Amino acid sequence: MNNPFGANGILTRVGEHIPGVNNAIQELHKAAGQHDALRRAKKTDPLGSDGALTKLAERIPLVNQGVQELHHAAGNKESLARAKRRNPLGADGYITKIGEHIPGINDGIMALHIRAGRHDLAEQTKARTLQGMLSKDGVLTKLSELLPGSNLVAAAIHEAEGNKEEAARARDLVKNWKKAGSADGPLAKLAELLPAVDVVAFGLHLNAGNYAQALRSITKTSWVNMEISSVSIVIRTQSLKDLIVSHLFAESVDLSPFRASTMGGLYDIARHSLKLSKAGGQGTMKTELLHRLRSLMNQKIGASVEGGLQQLPNLAQKQVRSFTIRLQKIRNEVMPKMILDRALQVASYMNPSTVGSSQCQAERWQRWLVSHINSHLPNEFPMPQEKYMRTLHESILRIGASHGKGFEYRHEYKGFIACGTHTGMLGCLSGLIAGLVKSSQLARDRTIAWLNQNNANAWQATNVPGSSRHDALLFQLPRDDFVKSRRQAYRYVWDQLLNGREACKLAARLASFWLSTWADDLEGDASLPLLIEVEVPVIQACDRKAGSALDTTLPSFQAVLIAEVGMCDGTPKVQNLQLAIKEDSIHCMMESVRCQLEDQDLRSLHPGFAGFAQPIHAAFELKSLDWQRADEVKLTFSSLRSRLHLPQ
């Protein structure tokens, strides 16, 4: 049987909880060498740094200061911090909180908060002080403006302080009574200052959709700072039609000035604005809010995609004009110079003994060829017919996007053909025809070298300065849509672009025959990748004029169109088509959108936000853009912060 007076006896343990007796028992444990029992006794000492009586004393005014000194002398930093937090006369003490509700006394408390650098607590106290209630928009001032006679006194005071608008307001007694029960009226402000009644005022403001006034009623401040440490958005890119936000995460929401009621009030405001029913707990509420936000984001994405497709005719017109400008450049600059260079080479080759006359012969050939070729080439690219635009609209919706890790084109031959911004596809064709002038072998060798160089130029032209990464976002049509679009593209070229240009059609057939003959001599696969540099113009993603809550545009950027051209039954056909946008360009676009959003007034997102006194701006950083799968990207934003200015 254990000795009740032993080191672990029941009476010893009971004695360790008695003030004074505990100290004697500690000495006995120390003398007996019972180190475990000694540690236990020190831990349970009612007068120790973590004892029950010590913790109780920390909540007693003035006594708390003495306990703090004891903790400081003993070097107990954690206990000292706890005592400071529990100080009834401290910044967050219960006596201080009571004093903040008493006019006159709270003026002094506000001054102490400011002296201690606690401007958030001073802001909370200000609304209840005499200074706050007697300010130009204070509750006592507005109440006085309701009474005949006193409203004139209030108007005179406003005039003396230079507040012209408030003076005119005070003199209009009828208008003041009409607004007495409004969200910013004196009755609502009085209710917001009364304990327990302020909760009722919050509910009334919330149900009326006055979110700024609802937040004011529980914070008692003129502003609230909100910061979210991290927001992550996971987007699936299987197709443009099915572009969705699959996951949405938010971490660590911080508010200043902080009150538990403020956080709960913000959740209630978010719930009301998103039309959610009351959830069981805050954790469940957060999940429901994020789920609802994700649904709304998907709706907005769908609307933005459809809005972007509505701009398709305008984009097509811009591309047609761009191609026409390139065509004119080819007719007037590129082709004459190319023919002259080749004519000089051929003239020298055919008449080596008459080198001096080669220049004259070449110039005559140039003038003759240019005049005849230009007479048969189209003058401009026509606008595609409605049936082609309809097919393009339907196909774009089914475009899929995937991430190409370390994507790069093949540098040398195997037929890599490229068309840069200044030449385009017709420039390639001109080079091929001009290369035929001397000999088939010479044309093949020189054309390959020329095409490889142009290919490198086309790829390098899309690089972002200072970057060495080659990751790209690849857009590609499903096979059935691609075959249908290819057929329509051929019909556009044959029926519209070359309509009435029989010589061009004949030249196209000859070029097709020549390419087919050349393809027979190629090593391995006869597929020739063709690179075309594409400049995508500015796209209006969201437009307030069209009913959107925000104005955002995607900036112009460079992309590369990669076509695998193969020979099928002696005819060149595009076998595969991809649009590559380098990841650095994606980052630049995201950064542009981020800057635009930081300048937007977010009050336009919901009618209930209209009551905030100043524009709502959100600042944030794009932390990372990570591809979790080929068709799934995770965007992480950090330090999302905003200040909400409440009405007074």
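Let me begin by describing the structure that accompanies this report. (Residues numbered from 1 in each chain as written. Predicted model: local features only at pLDDT ≥ 70, side-chain atom pairs only at ≥ 80, totals over all residues. Heavy atoms only, no water.)

Turning our attention to the pattern of salt bridges. As enumerated under the stated definition, the model contains 18 salt bridges in all. The closest approach of N and O atoms between Lys164 and Glu159, which form a salt bridge, is 3.2 Å. You can call Lys164 exposed: its relative accessible area is 55%. Across the pair Arg594 and Glu591 runs a salt bridge whose closest N-O atoms are separated by 2.4 Å. (Salt bridge = Lys/Arg side-chain N within 4 Å of Asp/Glu carboxyl O. Buried < 20%, exposed > 50% of the residue type's maximum accessible area, 1.4 Å probe, protein only.)

This part covers the layout of surface pockets. The computed volume of the second largest pocket comes to approximately 400 Å³. Around the second largest pocket, the lining comprises 18 residues; the ones closest to its centre are Ala127, Gly132, Asp137, Lys189 and Gln648. Broken down by secondary-structure element, the contributors of at least two residues to the lining of the second largest pocket are helix H9 (119–126), helix H10 (130–133) and helix H15 (186–193). Residues that form the lining of the second largest pocket fall into these classes: four nonpolar, six polar and eight charged. (1 Å grid on protein atoms, 1.4 Å probe; cavity = no way out; pocket = protein on both sides within 12 Å on 5 of 7 lines; lining within 4 Å. Points joined across faces, edges and corners; volume = space filled by probe spheres on them. Helix = DSSP H or I, 4+ residues; strand = E, 2+ residues; numbered from the N terminus. Nonpolar A, V, L, I, M, F, W, Y, C, P; charged D, E, K, R; others polar.)

A cluster of nonpolar residues, Leu62, Leu89, Tyr94, Ile95, Ile98, Ile102 and Ile105, forms a patch on the protein surface that exposes about 650 Å² of accessible area. In terms of residue count, helix H7 (residues 94–99) provides more of the nonpolar patch than any other element does, three residues in total. Secondary-structure assignment places Leu62 in the loop between helix H4 (52–57) and helix H5 (63–74). Classification of Leu62 by relative accessible area gives exposed; the value is 64%. (Patch = residues over 30% accessible without salt bridge, like charges linked within 9 Å, V, L, I, M, F, W, Y side chains within 5 Å. Areas by Shrake-Rupley, 256 points an atom, 1.4 Å probe, with all protein chains shown as cover.)

Within a regular strand, the side chains alternate between the two sheet faces. Taken together, the 13 bridges between strand S1 (residues 223–236) and strand S12 (residues 632–645) define a ladder with antiparallel strand orientation. Each residue of the ladder has a partner; that of Asn225, found in S12, is Arg643. Here strand S11 (residues 618–629) runs beside S12; their pairing, made up of nine bridges, is antiparallel. In the sheet register, Trp627 faces S12, and the bridge partner there is Val633. Here S11 folds back onto S12, and the loop between the two strands holds two residues. (Pairing = 2+ DSSP bridges.)

A word on helix H8 (residues 105–115). Within an α-helix, residues lying three or four positions from one another point in the same direction, as the helix has 3.6 residues per turn. Residues Asn106, Ile109, Met110 and His113 constitute the buried set of H8. Taken end-on, H8 shows its buried residues confined to a sector of 105 degrees, consistent with a single buried face. Looking at H8, the residues exposed on the side facing more than 90 degrees away from the buried face are Leu112 and Arg115. Close packing links the buried residues of H8 with H7, H9 and H10. Note on H8: the residue one or two positions beyond its end, Gly117, has a positive phi of about 80 degrees. (Arc of directions from axis to C-beta. Contact = heavy atoms within 4.5 Å.)

A separate point is the sheet that holds strand S2 (residues 244–256). Sheet architecture is open: four strands sit in the order S2-S1-S12-S11, paired in antiparallel fashion. Looking at strand neighbours, the two that pair on one side only are S2 and S11, the edges of this open sheet. Pairwise comparison of adjacent strand axes, ignoring direction, gives a mean angle of 15 degrees for this sheet. Pairing of S1 with S2 involves eleven bridges; the strand directions are antiparallel. Bridging from a neighbouring strand, Ile233 pairs with Leu248 of S2. Packed on one face of the sheet, helix H27 (residues 583–598) meets S11 and S12 and runs near 150 degrees to S11. (Axes fitted to C-alpha atoms, helices over the stretch in contact; angles between N-to-C directions.)

Turning to the environment of Val231, a few remarks are in order. Looking at the secondary structure, you find Val231 in strand S1. For the pair formed by Val231 and Leu248, sequence separation is 17 residues and the distance between their alpha carbons is 7.5 Å. With sequence-adjacent residues up to four places away left out, Val231 is seen in contact with Leu248, Phe249, Ala250, Leu635, Thr636, Phe637 and Leu640.

Here the focus is the side chain of Ser273. Position of Ser273 among the secondary structure elements: in helix H18 (residues 260–273). Other than its neighbours up to four places away in sequence, Ser273 contacts Tyr211 and His606.

Moving on, we come to unusual backbone geometry. Despite not being glycine, Lys220 has its phi angle at roughly 60 degrees, a positive value. Considering the arrangement of structural elements, one finds Lys220 in the loop between helix H17 (211–219) and S1. On the basis of relative accessibility, which here comes to 5%, the residue Lys220 falls in the buried class. Even without being glycine, Ser252 reaches a positive phi, approximately 55 degrees. Considering the arrangement of structural elements, one finds Ser252 in strand S2.

A separate point is the packing of aromatic side chains. Tallying each qualifying case throughout the model produces three aromatic pairs. A centroid spacing of 5.4 Å and a plane angle of 85 degrees characterise the contact between Phe620 and Phe637, whose relative ring orientation is edge-to-face. One end of the pair, Phe620, is in strand S11; the other, Phe637, is in strand S12, and 17 residues separate them in sequence. The exposure class assigned to Phe620 is buried, which follows from its relative accessible area of 9%. (Phe/Tyr/Trp six-rings, centres within 6.5 Å; stacked < 30°, edge-to-face > 60°.)

Below, the discussion takes up the packing of helix H2 (residues 21–32) against helix H3 (residues 35–44). H3 packs onto H2 with a crossing angle of 165 degrees between their chain directions and a minimal axis gap of 9 Å. It follows from the interaxial angle that H2 and H3 lie roughly antiparallel. For the element pair H2 and H3, the recorded crossing hand is left-handed. Taken together, the residues of H3 that come into contact with H2 (itself represented by Asn22, Gln26, His29 and Lys30) are Ala37, Leu38, Arg40, Ala41, Lys42 and Thr44. When grouped by side-chain class, the residues that make up the contact of H2 with H3 number three nonpolar, four polar and three charged. (Parallel < 35°, antiparallel > 145°, perpendicular 65-115°, else oblique. Left-handed = near helix turned anticlockwise from the far one by under 90°.)

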